[in-house]
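Close look at the chain arrangement
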Amino acid sequence: AVSLIYREAPLNPKVIAWVGAGGLMQILPATTKITDVSDTKYPAHSVALGIKYLKNLWDKFEEATDSI
């Protein structure tokens, strides 16, 4: 997660992207609506939300089957 945070927001929790993503994990406002975390200004909230989102993606890929 640290390398992702560095890539997305160079360890600066105040960074806001031109598309509105904010916080250390550069979470989009729409993504905050699917969890109980709504404020990405606080590093702990941003990281918690980012990890929840990445876990959600991981679970979706786990369900994928190989078609070969």
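Quantities reported herein were computed from a predicted structural model and do not represent experimental measurements.

**Brief notes about the overall build of the protein chain**
If you tally the helices and strands in the protein chain, you get three helices and zero strands. Ordered by position from the N terminus, the helices and strands of the protein chain form the series α-α-α. Evaluated residue by residue, the protein chain yields a buried proportion of 24% over its 68 residues. Long-range contacts, defined as pairs at least 24 residues apart, comprise 14% of the intrachain contacts of the protein chain with a sequence gap of at least 6. Surface accessibility of the protein chain: about 5,300 Å² in total, with carbon and sulfur atoms responsible for 62%.

**A short note on the pattern of salt bridges**
Pairs may arise between side chains of opposite charge once their charged atoms sit close together. Tallying each qualifying case throughout the model produces one salt bridge. K55 is paired through a salt bridge with D59; the nearest N and O atoms lie 2.7 Å apart. Note that K55 and D59 are positioned in helix α3 (residues 43–63) at a spacing of four residues, about one turn of the helix. You can call K55 partly exposed: its relative accessible area is 47%.

**Focus: the environment of L28**
Its location among the elements puts L28 in the loop between α1 (2–8) and α2 (29–32). Note on L28: relative accessible area 38%, which makes it partly exposed. Considered as a pair, L28 and T40 are 12 residues apart in the sequence and their alpha carbons are 9.3 Å apart. Among all residues touching L28, those that are not within four sequence positions of it are V19 and A21.

**Quick word on unusual backbone geometry**
A positive phi angle, close to 50°, is found at Q26, a residue other than glycine. Relative to the assigned elements, Q26 resides in the loop between α1 and α2. The class of Q26 is buried, set by a relative accessible area of 12%.

**Details of the layout of surface pockets**
Rolled over the atoms, a probe as big as a water molecule pinpoints where empty space is left. Approximately 160 Å³ is the volume found for the largest pocket. Lining the largest pocket are 10 residues; nearest its centre among them are M25, Q26, I27, Y53 and L54. At the level of secondary structure, the elements contributing two or more residues to the lining of the largest pocket comprise α1 and α3. Looking at the lining of the largest pocket, the element that brings in the most residues is α3, giving three residues. Of the residues that constitute the lining of the largest pocket, the class distribution is six nonpolar, three polar and one charged.

The rules behind each value
- Residues numbered from 1 in each chain as written.
- Predicted model: local features only at pLDDT ≥ 70, side-chain atom pairs only at ≥ 80, totals over all residues.
- Heavy atoms only, no water.
- Helix = DSSP H or I, 4+ residues; strand = E, 2+ residues; numbered from the N terminus.
- Buried < 20%, exposed > 50% of the residue type's maximum accessible area, 1.4 Å probe, protein only.
- Contact = heavy atoms within 4.5 Å.
- Areas by Shrake-Rupley, 256 points an atom, 1.4 Å probe, with all protein chains shown as cover.
- Salt bridge = Lys/Arg side-chain N within 4 Å of Asp/Glu carboxyl O.
- 1 Å grid on protein atoms, 1.4 Å probe; cavity = no way out; pocket = protein on both sides within 12 Å on 5 of 7 lines; lining within 4 Å.
- Points joined across faces, edges and corners; volume = space filled by probe spheres on them.
- Nonpolar A, V, L, I, M, F, W, Y, C, P; charged D, E, K, R; others polar.

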